[in-house]
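# Fold and contact review
Residues per chain are reported as follows:
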Amino acid sequence: MRARWTSFRQGLVQWCADHPRTVLVLVFILTLAFGSQLPRIRTDTDPKNMLPITSPVRQYNDQVEGWFGLHPDVIVVEIQSERGVFTPEILARIARLTDAILRFPGVIARDVVALPTVNDVSIANGVLQARPILDRIPHDAAEAEGLKRQVLDNPLLAGRLVSTDARATAIYIPIEKSANGKAIADRLRQLTGKERGPERYYIAGDPVARDTFGAEMFRQMALFSPLAGMVMCGVLFLMFRSWWVVGANMAVAMIAIIWGMGLFIGLGIPIHIMASMSPVFLMAISTDTVHIFNEFVFRRREVGDRREAIRQTMAAVATPVLFSDLTTIAGFASLAIGPIIPVRVFGLLVAFGTFVILLMSFTLVPALLALAREGRPIPVSREDDLSSSWLGRIGQACVAWKTPVALVGVVLLVISAVGISKIRINNNMVSWFKPGSEIRVADRQLSRDLGGTAMLYLVADGKKSDAVTRPEFLKALEGLQRRIEREPVVGKAVSVADVVKRVHQVLSDNSPSRAMIPDSQEAVAQELLLFSMAARPRDLNNLVDYPHQKANLMVQLRSWNAVETRALLEKVRRDLTATPIPGAEVKPAGIAYFNMVWNDQVLVGMLEGFIASCIFVFFLLILDYRSPRWGVVSFLPLLFTVVLIYGAVGFVRKDFDMPISVLSTLSLGLAIDFAIHFVSRFQQRYRETRDLKGSLVWTAARPGRGIVRNAFLFASGFAVMLFAGLTPYITVGAFMIAIMLLSALATVVYLPALIALFPQWLTQRLKEER
C-alpha cells in the first residue's frame, strides 16, 4: 500500500512539474466552473431550519403554531417615554405609526397587536361587546388618564402591551415567513425617525436579530476574507521574501474557497453563520503549504537543481502533508454526524475545501515551483546553522530538561481540568451582537419594560374535547401560571384562565372581586363562547384550540439564554409533579424552547463528532506510523491544546456555544497536523543518523521552522477577526490564535521532551528499520 502510494505520488508530482502550464489551465477551467455558482449564494439564519425537518421538536413546534394560530416571526416595537405614554400627543403618534405598519408589505395586518388594534370587553345594553382600546384619541389629559386606568386594570394587557408603570407600550408585528425582518425593521426606523416627540423607539424580536445577522454575515465575509488574505500575504512575504511564494499560497487558498463555496452554493445549500467563516478557515488551512515551501528553500540551497529540489521536497513532506490534511478532513467531516444543520454544512464545506488544498499541494504547487523564475541564490544565514537557531536552542533545552518540561505540562493539564468543570453550555443569538448594538440595547429595554421577546409555550393537552372548560383544569393552569410568574426570568404569562376571569368580572358589574373562574363547566363554556363572538378570533385562538382540548400558556422570557430556559422548565416539571393539571399532559414549545433544544444538540453533536474524529484520526496515525506507540505520542499535543483551551473557556466564564464547540474539532486537525509533521520528519532523520538528540534538535529547528511559520501565518489571518462587528467572529478569531500558538508550542516544546523521556520504548523499531 505504502509502495503504491509512493509510486503514484512520485508520478503525479513529476508529471505536474513537467507539464506545469497544462496543470494551470485545468485548474483555471475548474475554478471558473465552480466560481460561476457564487452569485447564487443565499443565507439562512432561521433557528428552526437548524434542525432537520424530521426532528420531533421541530414537528411539534409546527403543530403548536397550527393549533393556536401562532406566528413564528414577530417584530416588537417599544415606544417609551419617561413622562408616560398616555398623553394625547403620544397616543396620536402611536395611532399613526400603527396605521402605517398595517400597510407594510410582508406584515400580517390582521394580527398586529397594539393599542389601536387590541380589544377590551365591556357590557353595553346587557350584551358583551369588544372594541379597540384606542378607538379614538383622548381629547385631554383626563381622558388619557382614564384610558390608562382601563388598560392597567386589564391583566391581559398590563405588563405585556403596556408596562406596569405606563411609561412604555408595544406594537407586536407578525410578519410572513418570506418577509425579511431586517428590511421591515429598517422601514420602521425610517418611520419612527420622522416623529418629533419625547418618546424613544426600540425595535427587537427574533426575525430582526436573525435577518440582521444574516445581512451582517455577508458584510463580514466580504470585509474580513480579503483583509485576512492581505495580512497573510504580508506575513508570507516577510517569511520567504518572495512574491512568488505569496502568490502560490494565496492561489491555493482562493481555489479552495471558490471550489468549496461554489460546490455547496451550486447544490442549493444555504450558507449559515459557521459556513460564512469558511473562507477565512480555508485561507488559514491552506498555510499547510508553508511546509512545502519551507522545505523547498532548504532543498534548493542543498541540491541546486530546481527539478531535483522539487522531487526531494515532495518526497520529504508528502507523507506528513497527506496525513495531516486527511486528519483535518476527518475532523471537519465528523461534524456531519451531529443533528445541527449549520454545523453539518460548515464541517462538510471545510472538509471538501481541505481536500482541494491537499489536491493542490500535489499538483498546483509543484507546477508553480517549476514555473518560478530562477533568482539569485539565497544567501546562507546564521539561521541555517540549525543548532544555533533559536528553535534549535529550544529543542536542546527541552531535551536537556525533559522531566521538568513534562511535569509543567502535567500541572497545566490538571489546572485546565478544573477550568473545564466550570464551563457553562449555553446559546443566545442576541448575544452574537456587541453589547452596544441596536439589537442588544432594544432587547434589554423590552426585557425590562414589557416582559421580553423570547416566547415559551406550555401546551396543556386535556386529551378530550372541552377539557379546557373544566374549572379544575383552568384553576390548576392558573396556579401553574402564577407560580412561574414569580421566576425572575419570566416577564409575563398569559393563559385562557385570564380570559375567563376577565369575562366573568365584566359580566359581574366589572367588580374586581369577581375576577375568578366560575365553579361550573357550563358557565366557563358560555363565557368563552360569548368572548369568541364579541372579540377578534386571534384574541382567543392563541390561547385555546377550537375543540377546547388544548390550552396554551404563553410565557414571555426576559432572556434568550438556553440555561435559564432549561432551569425554568425543570421547575415547571417539578411543579407539575407536585401539583398536576387534572387529566392533562404539558409539553413545551416556542422559540425559547427550540433554542434550548438546539443548544443541547450542539453539545451532543460536537461531542459525538469529536469522539468519532479522534478515533478515526488515531487509526490514521497508527496506519501512518505502523505503531500504536507513536500514535499515542502524536495525540499528546492534541490533548494538551484542547484541555488548555477549554480550561481557559471555563475560567473566563465564556459560554460554550456553537462557535466555541466547533473549535474543538478544528483544534484536533491543527494539533495533529503539527504533530504529524514533527514525528514524521523526526523518524526520517533518526533513520538516517541514529542520533536521538541530534535528530530532535534538527526536527525542532528545520521542520519546526515550518510549524512555527504555519502557526504564525494562521494566527495572523485570524487576527483580523478580532475587529469584527459580531461576537462569534471575534470569539473564533481569539481562540484560533490561541489554538495555533498552543498547538505549535505543544509540538515544538513537549514532543522533544516526551520522545527524550522514552527513547527505548519509541525508537526500538526505528533502529531495526533501514
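As named in an unreviewed UniProt entry, the protein chain is MMPL family transporter, taken from Tectimicrobiota bacterium.

### Topic: the sheet that holds strand β4 (residues 168-174)
Strands sit in the order β4-β1-β5 across an open sheet of three strands; the sheet is antiparallel. A strand with exactly one partner marks an edge of an open sheet, and here the two such strands are β4 and β5 (200-204). Taking each pair of neighbouring strands and ignoring which way they run, the sheet shows an average axis angle of 20°. The sheet contact formed by strand β1 (residues 74-80) and β5 spans five bridges and is antiparallel. Residue Val77 lies in a different strand from β5, and its bridge partner there is Ile203. Sheet contacts for helix α4 (residues 88-102): β1, β4 and β5; angle to β4, the most-contacted strand, approximately 5°. Along the sheet, helix α17 (residues 438-449) contacts β1, β4 and β5; its crossing angle with β5, the most-contacted strand, is approximately 100°.

### Thoughts on the sheet that holds strand β8 (residues 550-557)
With respect to topology, four strands assemble into an open sheet ordered β7-β8-β6-β9, the strand pairing being antiparallel. Only two strands of the sheet have a single neighbouring strand rather than two, namely β7 (490-494) and β9 (585-589). Taking the axes of each pair of neighbouring strands and ignoring which way they run, one obtains an average angle of 20° across the sheet. Bridge count between β7 and β8: four bridges; the pairing is antiparallel.

### Topic: the side chain of Thr565
Take Thr565: it is sitting in helix α22 (residues 562-578). With residues up to four places along the chain from it excluded, the contact list for Thr565 reads Leu557, Ala592, Tyr593 and Met596.

### So, the nonpolar core
In terms of nonpolar packing, the biggest core is built from 247 residues, with Ile173, Val496 and Phe718 touching the most fellow members. Sorting elements by how many residues they give to this core places helix α28 (residues 727-757) first, with 17 residues. Non-local contacts of Ile173, meaning those with residues more than four positions away in its chain, are made with Asp73, Val74, Ile75, Val77, Ile101, Val107, Val112 and Leu188.

### Structural notes on the pairing of β8
When you tally the buried positions in β8, you get eight out of eight residues, the bulk of the element. Burial along β8 is two-sided: Lys550, Asn552, Met554 and Gln556 and Ala551, Leu553, Val555 and Leu557, pointing in opposite directions, are all buried. Two strands pair when backbone bridges link them, and strand β6 (residues 454-461) and β8 are joined in this way by eight bridges, in the antiparallel orientation. Counted as the bridge partner of Ala454 is Leu557 from β8.

About the cut-offs
Residues numbered from 1 in each chain as written. Predicted model: local features only at pLDDT ≥ 70, side-chain atom pairs only at ≥ 80, totals over all residues. Heavy atoms only, no water. Pairing = 2+ DSSP bridges. Helix = DSSP H or I, 4+ residues; strand = E, 2+ residues; numbered from the N terminus. Axes fitted to C-alpha atoms, helices over the stretch in contact; angles between N-to-C directions. Contact = heavy atoms within 4.5 Å. Core = buried A, V, L, I, M, F, W, Y, C linked by side-chain atoms within 4.5 Å. Buried < 20%, exposed > 50% of the residue type's maximum accessible area, 1.4 Å probe, protein only.

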